[in-house]
Amino acid sequence: QVQLEESGGGLVQAGGSLRLSCAVSGRSFSNDNMAWFRQAPGKEREFVAVIAWRGSTKYYANSVKGRFTISRDNAKNTVYLQMNSLKPEDTAAYYCAARSGGTYLYTTPREYNYWGQGTQVTVSS
């Protein structure tokens, strides 16, 4: 059974940093593109960042570009999201997702096969 488990969320003041982790178990994800999405209350799930299976290609939402960094360690089956200069509008539940196969870096949730349960990030002003 494939499982994605996020960790690292919490409460932080504006301007602070957090590092999210997503550990994948049940299968190797070394050939999967991995992404982070977020969802605030009353809003649709939105794309944050995606990284190709080789780790050399990354793509970010404009709202986080220059502040967030996605990375992966295929040996540890783990993907990370380093979040710096956090803003109150970054407050949301953050989800990691995996898409098996293909090279295109999708930014829509429906393209992803596997999802974690989410970790809450709250940024106070």
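Check the entry above for the structure.
> Can you help me understand the pairing of strand β3 (residues 18-25) in this one?
Residues in a regular strand point their side chains to alternate faces of the sheet. Both strand β1 (residues 3-7) and β3 contribute to a ladder of 5 bridges, which runs antiparallel. Opposite E5, over in β3, you have A23 as the bridge partner. Judged from the 6 bridges that link them, β3 and strand β8 (residues 78-83) form a sheet pairing that is antiparallel. Bridging from a neighbouring strand, L20 pairs with L81 of β8.

> Would you explain the packing of aromatic side chains in this entry?
Taken as a whole, this structure holds 6 aromatic pairs when the rule is applied. Consider the rings of F47 and Y59, whose centres lie 5.8 Å apart with planes at 20°: the pair is stacked. You can see F47 sitting in strand β5 (residues 46-51) and its partner Y59 sitting in strand β6 (residues 58-60), a full 12 residues away along the chain. On the basis of relative accessibility, which here comes to 11%, the residue F47 falls in the buried class. For Y59, a relative accessible area of 43% corresponds to the partly exposed category. Between the aromatic rings of Y104 and Y106, the centroid separation amounts to 4.7 Å while the plane-to-plane angle is 65°, which identifies the pairing as edge-to-face. In this structure Y104 comes out as exposed when scored by relative accessible area, which is 56%. Taken together through their ring pairs, the aromatic side chains of F37, F47, Y59, Y112 and W115 make up a single cluster.

> Whenever I open this one, the sheet that holds β8 confuses me. Can you help?
Pairing between the strands of a sheet is mediated by backbone hydrogen bonds and can be parallel or antiparallel. With respect to topology, 4 strands assemble into an open sheet ordered β1-β3-β8-β7, the strand pairing being antiparallel. A strand with exactly one partner marks an edge of an open sheet, and here the two such strands are β1 and β7 (68-73). Recorded for the sheet is a direction-independent mean angle of 15° between the axes of neighbouring strands.

> Honestly, the pattern of salt bridges in this entry has me stumped. Any pointers?
Pairs may arise between side chains of opposite charge once their charged atoms sit close together. Under the defined criterion, the tally for this structure stands at 6 salt bridges. Residue D90 is joined to R67 by a salt bridge in which the shortest nitrogen-to-oxygen separation is 2.7 Å. Remark: R67 occurs in the loop between β6 and β7 and D90 occurs in the loop between β8 and β9 (92-100); sequence separation between them is 23 residues. Under the relative-accessibility criterion, R67 is labelled buried at 11%. Among the salt bridges present, the one from E111 reaches R99, with a minimum N-O distance of 3.3 Å. Here R99 lies in strand β9 and E111 lies in the loop between β9 and β10 (114-115), a separation of 12 residues in the sequence.

> Would you explain the state of the cysteines in this entry?
Structurally, a disulfide amounts to a covalent bond that connects the sulfur atoms of two cysteines. In total, this model carries 1 disulfide according to the counting rule given. Between C22 and C96 runs a disulfide, and the two sulfur atoms are separated by 1.9 Å. Between C22 and C96, the S-S torsion sits near 50°, and that sign places the bridge as right-handed. Here the residue C22 occupies a position in strand β3, and C96 occupies one in strand β9, the gap between them amounting to 74 residues. Residue classification places C22 among the buried positions, given a relative accessible area of 0%.

Criteria and thresholds
- Residues numbered from 1 in each chain as written.
- Predicted model: local features only at pLDDT ≥ 70, side-chain atom pairs only at ≥ 80, totals over all residues.
- Heavy atoms only, no water.
- Pairing = 2+ DSSP bridges.
- Helix = DSSP H or I, 4+ residues; strand = E, 2+ residues; numbered from the N terminus.
- Phe/Tyr/Trp six-rings, centres within 6.5 Å; stacked < 30°, edge-to-face > 60°.
- Buried < 20%, exposed > 50% of the residue type's maximum accessible area, 1.4 Å probe, protein only.
- Axes fitted to C-alpha atoms, helices over the stretch in contact; angles between N-to-C directions.
- Salt bridge = Lys/Arg side-chain N within 4 Å of Asp/Glu carboxyl O.
- Disulfide = S-S within 2.5 Å.

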